[in-house]
Amino acid sequence: MAVKDRDRFSTATRLRLLGEQTAARVYRSQTKRQARRSRLTGRAALLALVFCSLIVALAYPIRQYVSQRAEIANMERQREQARERVEQLRDLKARWQDDAYAEQQIRERLHYVMPGETGYVVIDPDAAKQSRADHGAAARPWYANVWDGVDKSDAADH
């Protein structure tokens, strides 16, 4: 027993035990690394690479498809608006074919009166005051006054 105790405390025995403990720690850490590495296998990496390449390859065609679908929807909306405008113009053309409507529009827009009728024009008092204020236009050349009259009549229609 004395030899066994002496062996237990000898330097060689201690070094051997220390080496075994260190080897066990290294082995445990290597198995942990291998466990971590085993999560991403070669097959999984290849699958991820194929998936990413498919996404990159399909990104542009999908973007083109979406933009073309939006353009088609926009064209259909414009076609529907044009169809509505054509219907409005057909209705207007049909109304102008009616003599009573044409006569009404001529009387209203051009201030025509039938023989034997008396036509009256009501003048807006604010417009009359404004025209009196514009009498300073006599100092300008005649063509400037004509051009201003054209501009004012054009603006009144809109």
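Residues numbered from 1 in each chain as written. Predicted model: local features only at pLDDT ≥ 70, side-chain atom pairs only at ≥ 80, totals over all residues. Heavy atoms only, no water.

(A) Spatial organisation of the overall build of the chain. Broken down by element type, the chain carries six helices and zero strands. Along the chain direction, N to C, the helices and strands of the chain fall in the order α-α-α-α-α-α. Only carbon and sulfur atoms are counted for the fraction: they give 59% of the accessible area of the chain, which is about 15,000 Å². (Helix = DSSP H or I, 4+ residues; strand = E, 2+ residues; numbered from the N terminus. Areas by Shrake-Rupley, 256 points an atom, 1.4 Å probe, with all protein chains shown as cover.)

(B) Local environment of the confidence of the model for the chain. With 81% of its residues at a pLDDT of 70 or more, the chain shows a mean pLDDT of 83. No element of the chain has a lower mean pLDDT than helix α1 (residues 2–8), at 56, and none a higher one than helix α3 (residues 42–97), at 95. (pLDDT = per-residue confidence, 0-100.)

(C) View of the packing of α3 against helix α4 (residues 99–110). Look at α3 against α4: their axes get within 5 Å of each other, and the N-to-C directions meet at 90 degrees. With respect to α4, the element α3 is oriented roughly perpendicular. Residues Leu92, Arg95, Trp96 and Gln97 of α3 touch α4, and the partners they reach there are Asp99, Tyr101, Ala102, Gln105 and Arg109. For the contact of α3 with α4, the class distribution of residues is four nonpolar, two polar and three charged. (Axes fitted to C-alpha atoms, helices over the stretch in contact; angles between N-to-C directions. Parallel < 35°, antiparallel > 145°, perpendicular 65-115°, else oblique. Contact = heavy atoms within 4.5 Å. Nonpolar A, V, L, I, M, F, W, Y, C, P; charged D, E, K, R; others polar.)

(D) Region of interest: the packing of aromatic side chains. Summed over all chains, the structure comprises two aromatic pairs. Plain terms: the ring middles of tryptophan 96 and tyrosine 101 are 5.4 Å apart, the flat faces sit at 85 degrees to each other, and that makes the pair edge-to-face. A relative accessible area of 36% means that tryptophan 96 is categorised as partly exposed. Geometrically, the ring pair formed by tryptophan 142 and tyrosine 143 is edge-to-face, given 5.9 Å between the ring centres and 85 degrees between the ring planes. For the pair tryptophan 142 and tyrosine 143, a shared accessibility class is recorded, and that class is exposed. (Phe/Tyr/Trp six-rings, centres within 6.5 Å; stacked < 30°, edge-to-face > 60°. Buried < 20%, exposed > 50% of the residue type's maximum accessible area, 1.4 Å probe, protein only.)

(E) Here's a closer look at the pattern of salt bridges. Following the criterion strictly, the structure yields four salt bridges and no others. Note that arginine 90 is salt-bridged to glutamate 87, the shortest N-O span being 3.4 Å. Of this pair, arginine 90 and glutamate 87 both sit in helix α3, separated by three residues, roughly a single helical turn. Given a relative accessible area of 53%, arginine 90 falls into the exposed group. Across the pair glutamate 117 and arginine 107 runs a salt bridge, and its minimum N-O distance is 2.6 Å. Highlighted residues: glutamate 117 in the loop between α4 and α5 (125–133) and arginine 107 in helix α4, separated in sequence by 10 residues. (Salt bridge = Lys/Arg side-chain N within 4 Å of Asp/Glu carboxyl O.)

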